[in-house]
Structure formats: C-alpha cells, structure tokens
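What the coordinates show
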Amino acid sequence: MPNDPSSAPFQSILAPFMDRFLQEKHACGYRYHEPTRILRRLDDFLFQEGLTSCELPRSIVQKWLAKRTHESPRTHQQRIMVVRQFSRFLLRFGYSAYVPDSTLAPREQSSFAPRILTHEEIRKLLQAVDALEPTVRSPLRHLIMPEVFRLLYGCGFRLGEVLKLRVRDVDLDQGIVTVRQGKFRKDRLVPFALSLVNRLRKYAARFENRLLDAIFFPAPNGGPFSLRTVYGLFRKLLLRCGIPHAGRGKGPRIHDIRHTLAVHTLLRWYRDGEDLDAKLPLLATYLGHQNLSGTQRYLHLTAELFPEITARVDAVFGEVIPRRIEP
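As a convention, each chain's residues are numbered from 1 in the sequence order in which they are written. Where local features are concerned, this predicted model is filtered to residues with pLDDT of at least 70; where side-chain atom pairs are given and counted, the filter is 80 or more; whole-chain, interface and lining totals use all residues. The side-chain figures draw on all heavy atoms in the structure; neither hydrogens nor water molecules are used.

1. Observations concerning the pairing of strand β2 (residues 176-179)
Following DSSP output, two strands are said to pair if at least two bridges run between them. Helix numbers and strand numbers start at the N terminus; a helix is a DSSP run of H or I with at least 4 residues, a strand a run of E with at least 2. Bridge analysis of strand β1 (residues 170-171) against β2 gives two bridges, and the strand direction is antiparallel. Note on β2: the bridge partner recorded for Asp-171 is Ile-176. In this sheet, strand β3 (residues 188-191) lies alongside β2 in antiparallel orientation, the contact comprising four bridges. Along β3, the bridge assignment pairs Ile-176 with Pro-191.

2. What about the packing of aromatic side chains?
The aromatic pairing rule takes the rings of Phe, Tyr and Trp, using the six-membered ring of Trp, and pairs them if the centres are within 6.5 Å, calling planes under 30 degrees apart stacked, those over 60 edge-to-face and the rest tilted. Tallied over the entire structure, the rule returns twelve aromatic pairs. Here Tyr-231 and Phe-234 contribute two aromatic rings whose centre-to-centre distance is 6.1 Å and whose plane-to-plane angle is 40°, an arrangement assigned as tilted. Residue Tyr-231 and its partner Phe-234 are both found in helix α9 (residues 227-241); the two are separated by three residues, about one turn of the helix. We call a residue buried when its accessible area falls under 20% of the maximum for its residue type, exposed when it is over 50%, and partly exposed in between, using a 1.4 Å probe and counting protein chains only. For Phe-234, a relative accessible area of 0% gives the class buried. Each residue in the set Phe-21, Tyr-32, Phe-86, Phe-89 and Phe-93 is aromatic and connected to the rest through ring pairs, giving one cluster. When the NZ atom of lysine or the CZ atom of arginine is within 6 Å of a ring's centre and also within 35 degrees of its normal, the charge is said to sit over that ring. Over the face of the ring belonging to Phe-10 we find Arg-40, whose NZ or CZ atom lies 4.4 Å from the ring centre. The ring of Phe-207 has Arg-210 sitting right over it, with the charged end atom 4.5 Å from the ring centre.

3. So, helix α1 (residues 15-27)
A helix is expected to span 1.5 Å for every residue after the first. With 13 residues, α1 should reach 18 Å at 1.5 Å per residue; the first-to-last C-alpha distance of 18 Å fits that figure. Every buried residue of α1 is accounted for by Ala-15, Phe-17, Met-18, Phe-21, Leu-22 and Lys-25. Down the axis of α1, the buried side of the element spans an arc of 160°, and every buried residue falls inside it. When the buried face of α1 is taken as reference, the exposed residues oriented beyond 90 degrees from it are Pro-16, Gln-23 and Ala-27. Contacts: residue pairs with any heavy atoms within 4.5 Å of one another. Among the structural elements, α2 (33-49) and α4 (73-92) are those in contact with the buried residues of α1. Arc definition: it is the arc formed by the directions from the helix axis to the C-beta atoms.

4. Points about the pattern of salt bridges
A carboxyl oxygen of Asp or Glu within 4 Å of a side-chain nitrogen of Lys or Arg is what we treat as a salt bridge. Under the criterion given, the structure shown has 16 salt bridges. In this structure, the salt-bridge partner of Arg-37 is Glu-34, at a minimum N-O distance of 2.9 Å. Taken together, the positions of Arg-37 and Glu-34, both in helix α2 and three residues apart, correspond to about one turn of that helix. According to the relative accessible area criterion, Arg-37 is partly exposed, its value standing at 39%. With a shortest N-O distance of 2.3 Å, Arg-180 and Asp-169 are connected by a salt bridge. Placement of Arg-180 in the loop between β2 and β3 and of Asp-169 in the loop between α7 (159-163) and β1 is noted, with a sequence separation of eleven residues between them.

5. Here's the deal with the sheet that holds β1
Pairing within the open sheet is antiparallel, and its three strands lie in the order β1-β2-β3. The two strands at the open ends of the sheet, each matched to only one other strand, are β1 and β3.

6. What about the side chain of Lys-25?
Within the secondary structure, Lys-25 is located in helix α1. Of the side chains with opposite charge, Glu-24 lies nearest to the buried Lys-25, which makes no salt bridge, at 6.0 Å. Sequence-distant contacts of Lys-25, that is, excluding residues within four places in its chain, are made with Tyr-30, Tyr-32 and Gln-85. By the counting rule applied here, Lys and Arg register as positive and Asp and Glu as negative, while His and the ends of each chain are not counted.

7. With respect to the packing of helix α6 (residues 141-155) against helix α10 (residues 256-271)
The axes used here are C-alpha line fits, helices contributing only the stretch in contact, and every angle between their N-to-C directions lies in the interval 0 to 180 degrees. The interhelical angle for the contact between α6 and α10, taken along N-to-C directions, is 40°, at an axis separation of 7 Å. When the axis of α6 is compared with that of α10, the two are oblique. Counting all contacts with α6, which are made through Phe-149, Leu-152, Tyr-153, Gly-154 and Cys-155, the residues of α10 involved are Ile-257, Arg-258, Thr-260, Leu-261 and His-264. Residue polarity is assigned by list, with Asp, Glu, Lys and Arg as charged and Ala, Val, Leu, Ile, Met, Phe, Trp, Tyr, Cys and Pro as nonpolar; anything else, Gly included, falls into the polar class. Grouping the amino acids of the contact of α6 with α10 by side-chain chemistry returns six nonpolar, three polar and one charged. For classification purposes, an angle smaller than 35 degrees is called roughly parallel, one larger than 145 roughly antiparallel, one from 65 to 115 roughly perpendicular, and anything else oblique.

8. Looking at the nonpolar core
By nonpolar core we mean a set of buried residues, namely Ala, Val, Leu, Ile, Met, Phe, Trp, Tyr and Cys, connected to one another through side-chain atoms within 4.5 Å. Core analysis: the biggest nonpolar cluster contains 54 residues, and Met-145, Phe-149, Leu-151, Leu-200, Phe-216, Phe-217 and Ile-257 have the highest contact counts within it. Only α5 (119-130), α6, α7, β2, α8 (194-205), α9, α10 and α11 (276-287) provide two or more residues apiece to this core. If one sorts the elements of this core by residue count, α6 sits on top with eight residues. Met-145 has contacts with Val-129, Leu-132, Phe-225, Val-230 and Leu-233, leaving out every residue within four places of it along the chain.

9. Here we look at unusual backbone geometry
For His-70, which is not a glycine, the phi torsion comes out positive at approximately 70°. One can find His-70 in the loop between α3 (58-65) and α4. Of the residues examined, His-70 reaches a relative accessible area of 82% and is grouped as exposed. A positive phi angle, near 55°, is found at Asn-209, a position not held by glycine. Residue position: Asn-209 is located in the loop between α8 and α9. The class of Asn-209 is exposed, set by a relative accessible area of 77%.

Right under this line is the structure:
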C-alpha cells in the first residue's frame, strides 16, 4: 500500500543502518512488527532533531525515551528495548551509540493467570460444539468447528495455527500435522491421536478433489476463518455450557484451551508415574515453545490446581522454578 506509513522509507541520517538492522532481525526469524513501528517513530524524531552525524547521542536518546503522559509501562519498555537493540547494532559497526539502561522503565507486572478448564468443562464444551447446526452464513460450521476445537485441545495448537492449516499440512496417513511458520517463524511436526486421525479422515472425505493448497477448515469464502469469528463462537459455547466468563481479558480465553491441554497432560503423566523431569522437554517441543521457561509455568498451574503433586514438583525441580509472588 503506497500510503501505508509502516512501509515508508526511513529518512534520518541513520536510515541505511535501520534498514540493515531490520533485515538482520527478519533473517533471524523475527517478524518484528511493533518494534518496526517504534523504530520509524524514532527515525522521525531523529530527522526532526536534525541529527547530522552517524551516531546516537545520549542527550537525544534520553529526550526521546522520556516517559509520555498516559504511556503504559509496557509501551515505554518496548521503546527502550528497541533503542537498546539498535544502539548495540550501531556499536558493532564502530559507531557511537548510547545504550539506555533496561531498568529505565519499571516492568509492568501481569496479574493474568490462564483459566484452566476442568475435564468436565472440556467434555461439555465438545458436546456443545458437536451440537452446532449449519447457518445461512456458515453452512459448514457444524462439520468444521468440532474438529477445530478437538485440535485445540487434543494437540494444544494455537488457534491461528489451526485456522491456517492447508490440505497438504494434514497427513492423515501418518497422523501428523505440519505447522508452517508458527510462532517465532518455526515449522514443527505434531503427531495426534488415532481417534482424532479417524475423525479427520471422515471430515476430509466430505470434501473431494481439493487442491493441496486449499484451506483445510475453510470459511464460507474459501479462506481461513477469522480469529474473531471463532472467538465469538467460543463465547457462545461457554454460555451454553454454563461456564462463567470473568470479563474482557480475564477468561476463559480460547487460548486457555491450549493451557488446559498442557496442565491436563502434566497431571496425567504424574498420575501415571512418569518422570516429569524427562517429560517436560517433550511437552515444550510439542507445544512449539522456544525453551523450557514457557513450559515450566504449567508446573505451577498444575500444582496450584492439584496440590497432590506439589511435593513431587519440589523434589524434581527444587528452586530451579521461582515461586509466584503474591501481590
């Protein structure tokens, strides 16, 4: 789009370095969308300030990073992070650049905790989605949505990963789903249970002669369903099941189905006497986490919901996992 400000060229004297900086980030697999917008605002500021030398002086950086009225701690921290990364990039090439302290802005403390659904609530949710009927606007939803929700819970997929699946990505002979360019731009192979394979085989049999590039769960227009559409349906299903919603941003969110799968898996492993220390990396890989830190938090959730495993978690992991600090 020619009028899209996010695609406009940089204009300050540091423009060539900003372009090269973004190329490096993208080459490393980062989408870097919001940081790019922040970098463009920094570029505008440097241009307005009349910077004439290839450097990033302390005085200009501090002026731009001054906290703005009504700016959230998170937004402020993002601006600091982008400047720190860009300044280090300049330093690598021998240019003078001030690197602001990462503690310049206090970190925003998140109080959000995912809402882990019980096994009974999951059962009710799947019953409700199975009872969906076709509508004029969505004549195939009664066929599609039961399988979408089973993939969310059965494999712990992110909703966007499921909606973007194409026919070529779902190998019903091997029972493997290929997630392409998921979070962190990583591809991964996800095996799924035979019962789910059989369900998807019956589902796929209803669609004949589909191109390999076709969306596996098509919206009425042939493209993927929007996240908003599926989330709206999820809220209606919760209401039908009598599962209370705590309000905007408090859940249950549809992403909490993924968290629920992780906690239920850990609980099943514990009750089966599995070695949690050995199993945790498997769960991290299955869910597409970059490292164990994103998976270890599920141990806390599991222990909080099922106190019976607290002693075993302590015995296995000790102080490796920090305790949640109550406000």
